[in-house]
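# Observations on the model geometry
Chain residues, written in single-letter form:
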Amino acid sequence: MKALIFDCDGVLVDTERDGHRVAFNRTFAKMGYDVEWSVEVYGELLNISGGKERMKHYFNQKGWPARVSDKDQLILDLHKAKTDTFMAIIESGELELRPGVARLVDEAIANSEIILAICSTSNERSVNLIAGKLLGAERKAEFKAILAGDVVSKKKPDPEIYNLVVERLRVKPAECVVVEDTRNGLLAAKAAGMKCVITTNGYTEKEDFGEADLVVSELGDLPNVQVTLEELKKLE
């Protein structure tokens, strides 16, 4: 093992439940709409890819706000406001790292032979904000690559982003361990020839992770540590 690679959303932080969902709800309230997505409702809406598509689907099912003449423009306006709100949530430090993330990163930093990277097809600005705000500037500086946004043309489960990080880090796929939280992320890592550890969350725990090298509910902090660097090195 030479590289430890993290996905961002759902791995470093539970952004869907505590970030994006909250940002949608704050935006609806600010606009004066009587709409609030519960944890359960948002879990169902995650079956629809894309925030704009998610809102359109919901309004088509539940009814559009009154006095809306241009539905497409409303969705664009809501999505822009929601994105700004999400960024403000990250900036404020409201979100916390998932248990064990900082500990495992620190273990890798202490082992000078391990290279750190982040690979996410989420918004580049938000990924860098999450890394900087939540991991902290000192830890973030130890990451040799943070690949995000439109750095690749194909999203996971396509392995393009993991193929790219191999080139950037100058390592072999078999020398990499990836931490993911979704089946799409797992498929991308495996298609790139890497080992993959899954840390499930409330929205992904029922997905099929049969191909994973290890599946845990979280990386874990003391006294509930579930994954250590030494254990990752032993993955066959």
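See the structure shown above.
Residues numbered from 1 in each chain as written. Predicted model: local features only at pLDDT ≥ 70, side-chain atom pairs only at ≥ 80, totals over all residues. Heavy atoms only, no water.

### Quick notes on the overall build of the protein chain
When its secondary structure is counted, the protein chain shows 10 helices and six strands. What you see for the protein chain is a C-alpha radius of gyration of 18 Å, in line with the 18 Å of a compact globule of 236 residues. For the protein chain, the spread of C-alpha atoms along the three principal axes comes to 60 × 30 × 30 Å. Among the 236 residues that make up the protein chain, the fraction classed as buried is 48%. The long-range share in the protein chain, meaning contacts at least 24 apart out of those at least 6 apart in sequence, stands at 64%. Surface summary for the protein chain: the accessible area is close to 11800 Å², and the carbon and sulfur share equals 46%. In the protein chain, 32 positive and 40 negative side-chain charges are present, and the distance between their average locations comes to 3 Å. (Helix = DSSP H or I, 4+ residues; strand = E, 2+ residues; numbered from the N terminus. Rg over C-alpha atoms; globule rule 2.2 N^0.38 Å. Buried < 20%, exposed > 50% of the residue type's maximum accessible area, 1.4 Å probe, protein only. Contact = heavy atoms within 4.5 Å. Areas by Shrake-Rupley, 256 points an atom, 1.4 Å probe, with all protein chains shown as cover. Lys, Arg positive; Asp, Glu negative; His and termini not counted. Charge placed at Lys NZ, Arg CZ, Asp CG, Glu CD.)

### Some remarks on the pattern of salt bridges
Throughout the structure, instances matching the rule amount to 16 salt bridges. Between Arg17 and Asp14 there is a salt bridge whose closest N-O contact spans 3.8 Å. In this structure, the salt-bridge partner of Arg183 is Glu211, at a minimum N-O distance of 2.8 Å. In this pair, Arg183 sits in helix α9 (residues 183-191) while Glu211 sits in the loop between β5 (195-199) and β6 (214-216), placing the two residues 28 residues apart along the sequence. A relative accessible area of 23% places Arg183 in the partly exposed class. Judged by relative accessible area, which is 35%, Glu211 ranks as partly exposed. Here the residues in one salt-bridge network are Asp7, Lys156 and Glu180, joined through shared partners. (Salt bridge = Lys/Arg side-chain N within 4 Å of Asp/Glu carboxyl O.)

### Concerning the packing of helix α4 (residues 71-92) against helix α6 (residues 124-135)
One way to put it is that α4 packs onto α6 with a least axis distance of 9 Å and a crossing angle of 15 degrees. By the angle class used here, α4 and α6 are roughly parallel. In this structure, α4 meets α6 at a crossing whose hand is left-handed. Residues Phe86, Met87, Ile90 and Glu91 of α4 touch α6, and the partners they reach there are Arg125, Ser126, Leu129, Ile130 and Lys133. Classifying every residue of the contact of α4 with α6 by side-chain character gives five nonpolar, one polar and three charged. (Axes fitted to C-alpha atoms, helices over the stretch in contact; angles between N-to-C directions. Parallel < 35°, antiparallel > 145°, perpendicular 65-115°, else oblique. Left-handed = near helix turned anticlockwise from the far one by under 90°. Nonpolar A, V, L, I, M, F, W, Y, C, P; charged D, E, K, R; others polar.)

### Here's the deal with the packing of helix α3 (residues 51-62) against α4
At their nearest, the axes of α3 and α4 sit 10 Å apart, and the two run at 130 degrees to each other. As summarised for this structure, α3 and α4 are arranged oblique, according to the angle between their axes. Helix-helix and strand crossings are classified by hand; for α3 and α4 the assignment is right-handed. Every residue of α4 that contacts α3 at Gly51, Lys52, Met55, Lys56 and Phe59 is listed here: Asp72, Ile75, Leu76, Leu78 and His79. Here the residues of the contact of α3 with α4 are counted per class, giving five nonpolar, two polar and three charged.

### Some points on the packing of aromatic side chains
For any pair of aromatic rings, the description consists of the separation of the ring centres together with the inter-plane angle of the planes. Across all of its chains, the model carries 11 aromatic pairs by this definition. Ring geometry for Phe6 and Phe143: centres 6.5 Å apart, planes at 55 degrees, overall tilted. Here Phe6, found in strand β1 (residues 3-6), pairs with Phe143, found in strand β3 (residues 143-147); they are 137 residues apart in sequence, far enough to count as distant. Taken together, a centroid distance of 6.2 Å and an interplanar angle of 70 degrees make the contact between Phe28 and Phe59 edge-to-face. Highlighted residues: Phe28 in helix α1 (residues 15-30) and Phe59 in helix α3, separated in sequence by 31 residues. Pair check on accessibility: Phe28 and Phe59 agree, each one buried. By the ring-pair criterion, three or more aromatic residues cluster together here, those being Phe24, Phe28, Trp37, Tyr42, Tyr58, Phe59, Trp64 and Tyr203. One Lys or Arg, Lys82, reaches over the ring of Phe86 and ends 5.3 Å from the middle of that ring. (Phe/Tyr/Trp six-rings, centres within 6.5 Å; stacked < 30°, edge-to-face > 60°. Lys NZ or Arg CZ within 6 Å of the ring centre and 35° of its normal.)

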